[in-house]
Amino acid sequence: GNTVFVGSNDNKLYAVSALGGAPRKPSFQQYDLSHGPEVVTACGVELVNLSGGMLVERYHLWSRFSQSMFWERSGSVVPVAVRDDRDGVQGCVSFSKADLLDQLGTKISYRLQAETMGGVSDLSEALIDVPLCVTPDPVRNLRSEPTQGGGVRLLWDAILDDGVGPDGHKDPYFDDIYYLVEARAQEDEEWNLLGSVPSGRNLTSAVFDSLAPGKSYHTRVRVRNVCGLESVEASAHDPVLVLGSPPGPESVAATYKRRRNTCHLDSGARHHGCAKNPDRRSSPFWFPPGQGRQPCP
């Protein structure tokens with residue numbers, strides 16, 4: 001009854017004493033944060049303490065806001081095992097944001113004490129830093145229009161709340177926002193990501209040139225703040241027809257007819273324009289399409 005068996009990553013089974021003394025202070029080199037509407041989850045903590053290989057029954061939390069000098073006891077959490085395709089099984093703990101909503105736009109740091117059958121450890125040296133955010137507002141009044149260069153321009157009204165509170169932008173860390181832009185051809189059902197535009201909360205437009213010309217597209221935008229929380233989707237009311245890039249100019253030879261005060265193009269091209277230098281009888285020049293024969297200035 002005083003022995004537990006612990007399996008290792010190298011497929012070995014170790015018999016260790018369940019009464020191995022007080023646990024060691026928690027140690028973790030890195031952690032991954034996952035933000036939800038009500039909790040923040042940190043993965044990368046220990047499930048088994050190094051002292052005697054005893055399971056961690058709970059972690060006692062001590063917290064401190066970035067502007068504070070003192071650590072305060074802030075409850076306990078039970079670690080859970082979460083399987084990750086990249087890192088295998090990880091230990092994870094969750095921190096509630098219910099009592100922290102008046103601190104949006106700041107960071108709170110946590111130190112951990114591990115409790116096992118052998119007692120309670122000292123405070124960890126390592127910290128878990130958690131930025132505090134809530135879900136941002138979506139963009140408003142989204143619309144799309146074709147550009148002269150053959151792309152699509154999306155326009156919207158600036159978001160009212162990016163989820164970091166009224167004081168969040170005192171810290172530049174909280175200024176970063178990503179606008180996730182998606183498009184779907186009118187005849188298709190699948191949405192495709194056009195791009196992720198990094199900017200701030202005052203951005204009101206973006207241009208994309210990767211859509212196929214001659215097709216109509218529906219567009220939508222989501223807002224992701226620095227905590228990774230995303231707004232609901234905002235969709236443009238009407239589809240946009242992608243016109244494609246206009247044809248480039250051509251080089252032609254123009255002959256100035258002094259008697260008629262007109263220019264005659266000898267290239268055989270369908271596009272016509274007026275010579276810029278009427279003193280020269282024939283000269284190559286660039287011209288816009290669709291002008292036709294007209295008097296020179």
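Values in this document were obtained by computation on a predicted structure and should not be read as measured data.

Caption draft 1: Fine view of the overall build of the protein. Each helix and strand counted, the protein has zero helices and 22 strands in total. Taken over 297 residues, the protein has a buried fraction of 38%. Expressed as a percentage of contacts within the protein between residues at least 6 apart in sequence, the contacts between residues at least 24 apart total 58%. Summed over its atoms, the accessible surface of the protein is roughly 17,300 Å², and 48% of this surface lies on carbon and sulfur atoms.

Caption draft 2: The environment of G44, seen in detail. You can see G44 is positioned in strand β4 (residues 39–45). Note on G44: relative accessible area 25%, which makes it partly exposed. Residues G44 and Q30 lie 14 residues apart in sequence; the distance between their C-alpha atoms is 6.5 Å. Ignoring anything within four residues of it in the chain, the contact list for G44 reads F28, Q30, Q90 and G91.

Caption draft 3: Inspection of the layout of surface pockets at higher detail. Of the pockets and cavities examined, the second largest pocket occupies roughly 300 Å³. For the second largest pocket, the lining is made up of 18 residues, of which S63, S74, L100, I108 and Y110 are closest to its centre. Of all the secondary-structure elements, those providing two or more residues to the lining of the second largest pocket are β5 (58–65), β6 (72–77), β8 (88–96) and β9 (107–116). Residues belonging to the lining of the second largest pocket are distributed by class as follows: nine nonpolar, five polar and four charged.

Caption draft 4: Region of interest: the packing of aromatic side chains. Applying the stated rule across the entire model yields four aromatic pairs. Ring centres of F28 and Y31 lie 6.4 Å apart, and the angle between their planes is 80 degrees; this geometry places the pair in the edge-to-face category. According to the relative accessible area criterion, F28 is buried, its value standing at 7%. A residue is classified by how much of its surface remains accessible, and Y31, at 26% relative accessible area, is partly exposed. For the pair Y173 and F174, a centre-to-centre distance of 5.2 Å together with 85 degrees between the ring planes defines the contact as edge-to-face. On the accessibility criterion, F174 (1% relative accessible area) is buried. Sitting over the face of the ring of Y173, K107 holds its NZ or CZ atom 3.8 Å from the ring centroid. A cation sits over an aromatic face here: R220 above W191, 4.0 Å from the ring centre.

Each value, and the rule that gives it
Along every chain, residues carry numbers that run from 1 in the direction the sequence is written. Owing to the predicted nature of the model, reporting of local features is limited to residues with pLDDT of at least 70; listing and counting of side-chain atom pairs is limited to 80 or more, with chain, interface and lining totals taken over all residues. Side-chain figures throughout are based on the complete set of non-hydrogen atoms in the structure, without hydrogens or water. Only DSSP runs of H or I covering at least 4 residues are called helices, and only runs of E covering at least 2 are called strands; the numbering of each starts at the N terminus. To sort residues, take the accessible area from a 1.4 Å probe on protein chains only and compare it with the maximum for the residue type: under 20% means buried, over 50% means exposed, and anything in between is partly exposed. The criterion used for residue contact is that any of the two residues' heavy atoms lie within 4.5 Å. Surface accessibility in these figures is a Shrake-Rupley result with a 1.4 Å probe; residues are shielded only by whichever protein chains are displayed. Grid points spaced at 1 Å over the protein atoms alone were grouped into cavities, where a 1.4 Å probe fits but cannot get out, and pockets, open sets with protein on both sides within 12 Å along at least five of seven lines, with lining residues defined by an atom within 4 Å of a point. Grid points are joined across faces, edges and corners, and a volume is the space filled by probe spheres set on the points. We call Asp, Glu, Lys and Arg charged. Ala, Val, Leu, Ile, Met, Phe, Trp, Tyr, Cys and Pro are nonpolar, and the rest, Gly among them, are polar. Ring pairs are drawn from Phe, Tyr and Trp, using the six-membered ring of Trp, whenever the two centres fall within 6.5 Å, and their geometry is named by plane angle: stacked under 30 degrees, edge-to-face over 60, tilted for the rest. Charge-over-ring placement is defined geometrically: NZ (Lys) or CZ (Arg) within 6 Å of the ring centre, and within 35 degrees of the ring normal.

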